[in-house]
Amino acid sequence: MKIAPITYSYEIQDMIKRSHQLDTCFSEAEVIHYISKLAKIDIMDMYIDQYKNKVTSPVIYEAIAQAFKFHLEQVPVLTKEKIGTFEIPPSTNLENHDSFPSQIILDLYLVHHHYHVTGDNVRTMINHYFGMNLAGIDGLGKTKISLYSKGQWLVKDEKDLFVIHTGTKDVDVKIYGTNYFMKRTGSKNLPTELQRSLTDMGYSYNPQLDAYYFSNPSGLSVSNAFKGKTIDAIIEVTNAFY
């Protein structure tokens, strides 16, 4: 799979150069390479911290787009349950076509907190309402796992070995090898050890999808614990054999 080169806006480049006191002689390519080695959640935090008491939903969207290279705007809402002191008013219409459902929730959350939030606050809220563990996604960049979720690639590298592919609302998950895995191993079949681990978790091979597949019988999103077990099973195999 062809991967686009990593780029960052001049705003992000200038922000990192100032905060990390980079040599002014660094070329743009050197700055981008430097930024690409930083934790994505740190980039997100620095971007949000610039706005102090004036954090808005566009600021959060841009912080995530710049740090993680995906778009939160059209991610579906998975729950309306209260988090901390914040709850969505019962009268809230998330089908308002003038705004994305995610923006409606972000705006309500920011008003509740008087537009003063940290990157950590935002990540906790996003994990709760949208089922996106940004710290966990950041950590996947150090593995050999690509992640496709919420209709877009969240993590992807041309030398990743396995793909975790979830449906729009995380109700179902499929696991399969990448083209690089097939090229490297000469087989499209998942390692026996991984097949066994996935089967123990409730996955089964689906010949139509040519992948190991799980669908939550409850019709609800799979839990963070289930996602974590899936990731751990893949990492265990990649560490042992690749």
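Residues numbered from 1 in each chain as written. Predicted model: local features only at pLDDT ≥ 70, side-chain atom pairs only at ≥ 80, totals over all residues. Heavy atoms only, no water.

Draft legend 1. Spatial organisation of the pattern of salt bridges. Under the defined criterion, the tally for this structure stands at 5 salt bridges. D170 serves as the salt-bridge partner of K227, at 2.8 Å between the closest nitrogen and oxygen. Here D170 lies in the loop between β3 (162-166) and β4 (172-177) and K227 lies in helix α10 (residues 224-241), a separation of 57 residues in the sequence. Across the pair K188 and D210 runs a salt bridge, and its minimum N-O distance is 3.5 Å. Remark: D210 occurs in the loop between β5 (204-206) and β6 (211-215) and K188 occurs in the loop between α8 (179-185) and α9 (192-201); sequence separation between them is 22 residues. Look at the salt bridges and you will find they share partners, linking K150, D170 and K227 into a network. (Salt bridge = Lys/Arg side-chain N within 4 Å of Asp/Glu carboxyl O. Helix = DSSP H or I, 4+ residues; strand = E, 2+ residues; numbered from the N terminus.)

Draft legend 2. Region of the structure containing helix α6 (residues 119-130). If you check α6, its first and last C-alpha atoms are 16 Å apart, about what 12 residues at 1.5 Å a residue would give, namely 16 Å. Looking only at α6, the buried set comprises G119, V122, R123, M125, I126, Y129 and F130. In a view along the axis of α6, the buried residues occupy a sector of 165 degrees, so they form one face of it. On its buried side, α6 packs onto α3 (40-49), α4 (57-68), α5 (101-112) and α7 (134-140). Of the residues trailing α6, G131 is marked for its positive phi of about 65 degrees. (Expected span 1.5 Å × (residues − 1). Buried < 20%, exposed > 50% of the residue type's maximum accessible area, 1.4 Å probe, protein only. Arc of directions from axis to C-beta. Contact = heavy atoms within 4.5 Å.)

Draft legend 3. How the structure looks around the pairing of strand β1 (residues 145-149). Counting buried residues along β1, 4 of its 5 residues qualify, which places the element largely inside the surrounding structure. Where β1 meets β3, 4 bridges bridge the pair, whose relative direction is parallel. Considered in β3, the bridge of Y148 is made with H165. Bridge count between β1 and strand β2 (residues 152-155): 3 bridges; the pairing is antiparallel. Bridging across to β2, Y148 finds its partner in W153. Linking two consecutive strands that pair antiparallel, namely β1 and β2, is a turn of 2 residues; a positive phi of about 55 degrees is found at K150 within it. (Pairing = 2+ DSSP bridges.)

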